[in-house]
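What follows is the residue order along each chain.
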Amino acid sequence: MKELKNQFMQGAFLTIVWLTALMSLGFGNVSLNLFYFWHIIGIAVIAGGVFGVAYPYLWNYGTWSAPINILVMTLLNFLAGFTAVYLFSVEMLQLILPFWWAILLLNLVLHVIAFYFYRNQQNKKMAAELNQLGK
């Protein structure tokens, strides 16, 4: 739990820094309502929850099968992404909403590819550890 909490805090903080930097570069000196900062915090909480808690928990500690993990994380990532875009800009959400099916499909394909490479790396790491124990 301590590791997941730390990863959540790190993910949320880095998201705030990342969004602030992108907004500074993209929007320059546009003044924002102070209430909008709560949207940035909301996006950071979503990112921290998904990337700092859900992914590490599901891939490192979860006991579901690979297809279930991929499906759950694809849907969670998709919903979190659209919620974050909504918090960032309703106009941007309206722009990408017609392509939700393509985004979902791309999300699924990328999760399958990432899972393949992640498991391949984990298997190599485990084989190296077992070989080291055998010596």
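These notes cover the structure that comes with them. Remember, predicted model here, so these are calculated numbers, not experimental data.

**Concerning the overall build of the chain**
Phase 1: When its secondary structure is counted, the chain shows five helices and zero strands.
Phase 2: Starting at the N terminus, the α and β elements of the chain follow one another as α-α-α-α-α.
Phase 3: Once the C-alpha set of the chain is aligned to its principal axes, its extents read approximately 65 × 35 × 25 Å.
Phase 4: When the 135 residues of the chain are sorted by exposure, 27% land in the buried category.
Phase 5: Restricting the contact set of the chain to residue pairs at least 6 apart, pairs at least 24 apart contribute 68%.
Phase 6: Total accessible area computed for the chain in this model is approximately 9,800 Å², and 73% of it derives from carbon and sulfur atoms.

**Side note on the nonpolar core**
As a rule of thumb, soluble globular proteins bury nonpolar side chains together.
Phase 1: Counting residues in hydrophobic clusters, the biggest one holds nine residues: Val50, Ala54, Tyr55, Leu58, Trp59, Ile70, Met73, Ala80 and Phe115.
Phase 2: Only helix H2 (36-61) and helix H3 (66-88) provide two or more residues apiece to this core.
Phase 3: The element contributing the most residues to this core is H2, with five residues.
Phase 4: Those residues in contact with Phe115 that sit more than four places away from it in its chain are Trp59, Ala66 and Ile70.
Phase 5: Leu19, Met23, Ile40 and Ala84 belong to the second-largest nonpolar core, a separate cluster that totals eight residues.

**Let's talk about the environment of Ala44**
Phase 1: Assignment of secondary structure puts Ala44 in helix H2.
Phase 2: Judged by relative accessible area, Ala44 falls into the buried class, the value being 1%.
Phase 3: Separated by 87 residues in the primary sequence, Ala44 and Asn131 have C-alpha atoms spaced 41 Å apart.
Phase 4: Every residue in contact with Ala44, bar those within four places of it in the chain, is listed here: Ala12, Thr15 and Ile16.

**Some remarks on a nonpolar patch on the surface**
Phase 1: Taken together, the side chains of Leu105, Leu106, Leu108, Val109, Leu110, Val112, Ile113, Tyr116 and Phe117 present a nonpolar region at the surface, about 840 Å² in accessible area.
Phase 2: Structurally, Leu110 can be placed in helix H5 (residues 100-134).
Phase 3: Owing to a relative accessible area of 49%, Leu110 belongs among the partly exposed residues under this scheme.

**Focus on the packing of H2 against H5**
Phase 1: Taken N-terminus to C-terminus, the directions of H2 and H5 make an angle of 50°; their axes are 13 Å apart at the nearest point. On the basis of the axis angle, H2 is oblique to H5. In terms of crossing hand, the pair formed by H2 and H5 is right-handed. Within the contact between the two elements, H2 uses Tyr55, Trp59 and Asn60 and H5 uses His111, Phe115, Tyr118 and Arg119.
Phase 2: For the contact of H2 with H5, the residue count by class is four nonpolar, two polar and one charged.

**Structural notes on the side chain of Thr15**
Phase 1: Looking at the secondary structure, you find Thr15 in helix H1 (residues 2-27).
Phase 2: Discounting residues that sit within four places of it in the chain, Thr15 has contacts with Ile43, Ala44 and Ala47.

Rules of the game
Residues numbered from 1 in each chain as written. Predicted model: local features only at pLDDT ≥ 70, side-chain atom pairs only at ≥ 80, totals over all residues. Heavy atoms only, no water. Helix = DSSP H or I, 4+ residues; strand = E, 2+ residues; numbered from the N terminus. Buried < 20%, exposed > 50% of the residue type's maximum accessible area, 1.4 Å probe, protein only. Contact = heavy atoms within 4.5 Å. Areas by Shrake-Rupley, 256 points an atom, 1.4 Å probe, with all protein chains shown as cover. Core = buried A, V, L, I, M, F, W, Y, C linked by side-chain atoms within 4.5 Å. Patch = residues over 30% accessible without salt bridge, like charges linked within 9 Å, V, L, I, M, F, W, Y side chains within 5 Å. Salt bridge = Lys/Arg side-chain N within 4 Å of Asp/Glu carboxyl O. Axes fitted to C-alpha atoms, helices over the stretch in contact; angles between N-to-C directions. Parallel < 35°, antiparallel > 145°, perpendicular 65-115°, else oblique. Left-handed = near helix turned anticlockwise from the far one by under 90°. Nonpolar A, V, L, I, M, F, W, Y, C, P; charged D, E, K, R; others polar.

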